[in-house]
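# Overview (structure and organization)
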Amino acid sequence: MWRLAPVVLVALGCNRDVEHDAITAPPAAAPLAPTEHAVEGRPHSAIIREVAASEQGDAAVSVDQIGGLRLWTALDGSREPVPISAPAPAQIAVASTAFEVTVAVVDQAGSAHVLRYGRDGVPRGRVQVAGDVAISQIVAVGDHLLALRADQSIDELDANGSV
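The following paragraphs examine the structure supplied in this document. Here the structure is a predicted model, which means the values were calculated and not measured. (Residues numbered from 1 in each chain as written. Predicted model: local features only at pLDDT ≥ 70, side-chain atom pairs only at ≥ 80, totals over all residues. Heavy atoms only, no water.)

With that settled, the discussion passes to the overall build of the protein chain. Across its full length, the protein chain holds two helices and eleven strands. Going from the N terminus to the C terminus, the protein chain shows its helices and strands as α-α-β-β-β-β-β-β-β-β-β-β-β. Looking at the protein chain as a whole, 34% of its 163 residues qualify as buried. With an accessible surface of roughly 10,400 Å², the protein chain has 58% of that area assigned to carbon and sulfur atoms. (Helix = DSSP H or I, 4+ residues; strand = E, 2+ residues; numbered from the N terminus. Buried < 20%, exposed > 50% of the residue type's maximum accessible area, 1.4 Å probe, protein only. Areas by Shrake-Rupley, 256 points an atom, 1.4 Å probe, with all protein chains shown as cover.)

The residue G68 is located in the loop between strand 2 (60–64) and strand 3 (69–72) in this model. Take G68: its relative accessible area is 19%, and that puts it in the buried class. Sequence-wise, G68 and I48 are 20 residues apart; in three dimensions their C-alpha atoms are separated by 8.9 Å.

This part takes up the sheet that holds strand 6 (residues 100–107). Ordered by their spatial adjacency, four strands build an open sheet running 5-6-7-8, and the pairing between neighbours is antiparallel. Of all strands in the sheet, those bounded by a partner on one side alone are strand 5 (89–96) and strand 8 (123–128). Here the strands of the sheet are splayed against their neighbours by 15 degrees on average, with no regard to which way each runs. Relative to strand 8, strand 7 (residues 112–118) runs antiparallel, the two being bridged by five bridges. If you follow H113 over to strand 8, its bridge partner there is Q128. (Pairing = 2+ DSSP bridges. Axes fitted to C-alpha atoms, helices over the stretch in contact; angles between N-to-C directions.)

Of note, T73 is situated in the loop between strand 3 and strand 4 (82–84). Not counting residues up to four positions away in its chain, the partners in contact with T73 are D58, R79, G118, R119 and G121. (Contact = heavy atoms within 4.5 Å.)

Take the nonpolar core next. Of all hydrophobic cores here, the largest spans 15 residues; its most connected members are V61, L69, I84 and V103. Of all the elements, strand 6 adds the most residues to this core, at three residues. Apart from residues lying up to four places away in sequence, V103 is in contact with V61, L71, I84, A93, H113, V114 and L115. Counting twelve residues, the second-largest nonpolar core is a separate cluster that includes A112, I138, L145 and L157. (Core = buried A, V, L, I, M, F, W, Y, C linked by side-chain atoms within 4.5 Å.)

Turning to the environment of P89, a few remarks are in order. For P89, the location among the structural elements is in strand 5. Overall, P89 belongs to the buried group, its relative accessible area being 3%. Considering only alpha carbons, one finds P89 and V106, 17 residues apart in sequence, at a separation of 5.6 Å. Those residues in contact with P89 that lie beyond four places of it in its chain are R49, V63, G67, L69, V105, V106 and Q108.

Quick look at unusual backbone geometry now. Backbone geometry at Q152 places phi at a positive 70 degrees, although glycine is not the residue there. Accessibility expressed as a relative area gives 59% for Q152, which makes it exposed.

With that out of the way, let us pick up the sheet that holds strand 11 (residues 154–157). Read from one edge to the other, the open sheet built from three strands follows the order 9-10-11, with strand pairing classed as antiparallel. Whereas interior strands pair on both sides, the edge strands pair on one side only; in this sheet they are strand 9 (135–141) and strand 11. Taken pair by pair, the neighbouring strands of this sheet meet at an average axis angle of 20 degrees, ignoring direction. Summarising the sheet, strand 10 (residues 144–149) and strand 11 pair through four bridges and their orientation is antiparallel. Note on strand 11: the bridge partner recorded for L145 is L157.

A word on the pattern of salt bridges. All told, the structure shown has five salt bridges when counted by the stated rule. With a closest N to O distance of 3.4 Å, R49 and E50 form a salt bridge. E100 is paired through a salt bridge with R116; the nearest N and O atoms lie 2.8 Å apart. One end of the pair, E100, is in strand 6; the other, R116, is in strand 7, with 16 residues separating them in the sequence. Assigned by exposure class, E100 and R116 land together as buried. Each of E100, R116 and R124 takes part in a single network of salt bridges with overlapping partners. (Salt bridge = Lys/Arg side-chain N within 4 Å of Asp/Glu carboxyl O.)

Structure representation (structure tokens):
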């Protein structure tokens, strides 16, 4: 009798509806593509003294009393502010596109630094704006930056800090 058990199991296994099983089977999970992980956010460690928002109102940078900067890549509360490293700012400006946020920081000496971040808070680039004449004011217009120098000349900067 035990010799018939494998034959019965094989016969039962062959009586399956293969088309039905293929249609109702759960889809296999697609492998995840490797991506950069979003940077973990942190709140300020002092009182916020200044905020600069992009023209579109979809990103901002805040500065606290001790010079700490935080990048807000979303203003709806869906993402925590990301700490960014930059010199203590005298002025800040924020420009944004659908995929990037560009932050311009002018320090006390009149040197400008252009920082690029992805919408996930991951740094994408950082440059110091070239030039011998100090920058006295910087503003964001759309996705570009305008820098007013001490000699009253105006430079248009792109996201890479190029004139």
